[in-house]
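# Geometric and topological summary
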Amino acid sequence: MHQLEDEPHGDDTAGNGLLSRRHWLQLGAGTAAAAVMTPLLAQESIDQEPWRSGSGAPPSVYGDRPSMASLQREQISVHPMGRQAGASSTPLQLLNGTITPNGLHFERHHSGIPEIDPVSHKLTVHGLVARPLTFDYDALLRYPMQSRVLFLECSGNSYRNTLAGALDETAGGLHGLISSAEWTGVPLHFLLDEAGVDASAQWVIAEGADAAGMNRSVPLSLALNDAMIALYQNGEPLRRSQGFPMRLLVPGCEGNLSVKWLRSLKLLDQPAQTREETSKYTDLTLDGKAAQFSLRMQAKSVITSPSGKMRLGRQGVYEISGLAWSGNGSIRRVEVSADGGRSWAEAMLQSEPGPMRAVRFRIPWRWQGQPAVLQSRAVDSAGNVQPTRASALANVAPGFSYHFNGIQSWQVNANGSVRNVYA
Ligand SMILES: Nc1nc2c(c(=O)[nH]1)N[C@H]1C(S)=C(S)[C@@H](COP(=O)(O)O)O[C@H]1N2
Ligand SMILES: [Mo]
C-alpha cells in the first residue's frame, strides 16, 4: 500500500475522503503540495549496505522472484477427490499493473496437471467437417499467430462471497481465480477453415488430454470469430499448469471453456451436454430452472489495495487501486466509494482499456482514522453496471454460486485493519 502525504483539503470528490485526480496532478507541479511522503531525510553519509560487501550471484539459467517477496498462490480449495482436483488463486493483493506473472496464474485442474510430450501430442479436428485433420505441435508453430492480452476467469471465482458469513480473506483468496496474460497462438478459424466446416455444424466440442478428459461445447460463432489455440503465455511456451503444449482460449467467457491440453475439436450440430455444462457451471434460479451456457463473464471489479487482511499505518493519503474486467467488451469506467455506496467518484483507468482485458484503476483517498467501507463498481462498454452483492444474489437458488459478480466491500476500521464485509 502506498501512503502519499498529509496536506490540506479541498480536493474531495465523494464522501469520506475520496479525492479528485487533480490531487495527483499537483504532485508533479513543484508546489508545496508536491511533496510525496518522504519517510526519512537523507543523511550526510550513507551507511554501507551489507549486500555491497562482495559480488553477487552469477547469471542464472531461469530468473527467480526475490526471496524477500513472499509471492505465492493461495490454495483455495481442497477437493474431496484430492488436491489434484482443486484450485489455486492469484495473490491479487501482492501484484500491480494488469499482467499476471506466469508462475502466479491461477490454476483449476479437474484431474491434476498432466506431463505431456509435445512431440507425440496431437490435436484432431473432426466431426461435421469435409476433411478431418490432425495437427501436431510443430505444425501449429508454423501457422500465422496473434497476440492478445486477455483475462481468464473461472466462473466459480468470488463464490466465497456468496456464502452466508463474510470470510476474513485476502483479495486473492476471495477473487483470485482471475489472471491476465498476453496469449500468443493460432486463431482457431485457420484450422476450422482448413478442415472445411459443414453447413450443419453449430457447435465445437473441445476436449482435453488430461485424465479428466474435460470437454465443453463452444458455439461455432465464438470458435470462428474469437477463439484461439494458445501456444505462448507472456512470451514463453505455456506453463504445464496452463495447458502445455496447447490450450483453447475463448476470450471473455468462463474459464472452463478454455480447454487445456487440447486434443480434440469435434464439430456437431448441437451441444454435447457434457458434465461441465449440465451438472456444473449452470445457474439455478429461485423458480427451480437452471440456465445453461451463461458463457460471458459479467462486469466485475475488486479493490486490491487496501484490501482484506492489510493494515493501514499512519493517517494520510492512500492510493486505492484495483482491477476491473468484463466479458462483454471493455471497461468503460470504474467508480469507487469510501462510504459503503452512498457516494461514488470516478477512478482513473491507468492501462489501455481493451476488449476482454482487465484494467487497473486508481484513486487517491484521505484516511484520517475514520472507519470506512471501500467499494468499487465496474461499468462496461455494453453499459452493464456491476451489481451490489444483494442484487447479484437476488434470484439465485441457495448454494448456487457460479458467475457471481457482486460488489466487494472492504471495511477499514479505526485501527487501520481491513476486512471483508457484506454491506
Ligand atoms: N483439460 C482441462 N481443461 C481445463 C480444465 C481442466 O481441468 N482440464 N479446467 C478448466 C477450468 S474450470 C478453468 S477455470 C480453466 C483454468 O485455467 P488455468 O488453470 O490456466 O487458470 O481451465 C479450464 N480448462
Ligand atoms: Mo473454472
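Check the entry above for the structure.
Summarised in this report is the structure supplied together with it. Since we're looking at a predicted model, the values are computed, not measured. (Residues numbered from 1 in each chain as written. Chains lettered and ligands numbered in written order. Predicted model: local features only at pLDDT ≥ 70, side-chain atom pairs only at ≥ 80, totals over all residues. Heavy atoms only, no water.)

## So, the sheet that holds strand β15 (residues 262-268)
Pairing between sheet strands relies on hydrogen bonds along the backbone, with the strands arranged either parallel or antiparallel. Keep this limit in mind: Pairing between strands is defined by DSSP: at least two bridges between the two strands are required. Here a helix means four or more residues in a row that DSSP labels H or I, a strand means two or more in a row labelled E, and each is numbered from the N terminus. Geometry is summarised by axes, namely lines fitted to C-alpha atoms with helices restricted to the contacting stretch, and by angles between N-to-C directions that run from 0 to 180 degrees. It only takes one pair of heavy atoms within 4.5 Å for two residues to be counted as in contact.
One open sheet accounts for five strands, arranged β7-β6-β15-β10-β11; its pairing is mixed. Across the chains shown, the open sheet's two edge strands, defined by having one partner strand only, are β7 (133-136) and β11 (215-219). Mean inter-strand twist for the sheet, computed between neighbouring axes without regard to direction, equals 20°. In this sheet, β11 lies alongside strand β10 (residues 203-208) in antiparallel orientation, the contact comprising five bridges. Counted as the bridge partner of Ile205 is Ser217 from β11. Lying over the sheet, helix α4 (residues 188-195) contacts β6 (122-127), β7 and β15, oriented at roughly 145° with respect to β7.

## Observations concerning α4
Applicable threshold: Partly exposed describes any residue whose relative accessible area lies between the buried limit of under 20% and the exposed limit of over 50%, with all areas from a 1.4 Å probe on protein chains only and scaled to the type maximum. To be clear, the arc concerns the directions from the helix axis to the C-beta atoms.
Burial in α4 covers these residues: Leu188, Leu191, Leu192 and Ala195. Angular distribution of buried residues about the axis of α4 spans 95°; they occupy a single face of the element. Gly196 sits one or two residues past α4 and shows a positive phi near 75°.

## Focus: empty space enclosed by the protein
To keep it simple, the criterion reads: With a 1 Å grid laid over protein atoms only, a set of points is called a cavity when a 1.4 Å probe fits there but cannot get out and a pocket when it is open yet has protein on both sides within 12 Å along at least five of seven lines; lining residues have an atom within 4 Å of a point. Grid points are joined across faces, edges and corners, and a volume is the space filled by probe spheres set on the points. All residues other than Ala, Val, Leu, Ile, Met, Phe, Trp, Tyr, Cys, Pro, Asp, Glu, Lys and Arg, Gly among them, are scored as polar; the first ten of these are nonpolar and the last four charged.
One pass over the full model with this rule turns up four cavities of 30 Å³ or more. A volume near 230 Å³ is recorded for the largest cavity. For the largest cavity, the lining is made up of 20 residues, of which Arg108, Arg247, Gly255, Asn256 and Lys260 are closest to its centre. Empty space within the second largest cavity amounts to approximately 90 Å³. What lines the second largest cavity is a set of 15 residues, among which Leu92, Leu95, Thr98, Thr100 and Leu323 lie closest to the centre. Of all the elements, strand β9 (residues 178-187) adds the most residues to the lining of the second largest cavity, at three residues. Here the lining of the second largest cavity is built from residues that sort into six nonpolar, eight polar and one charged.

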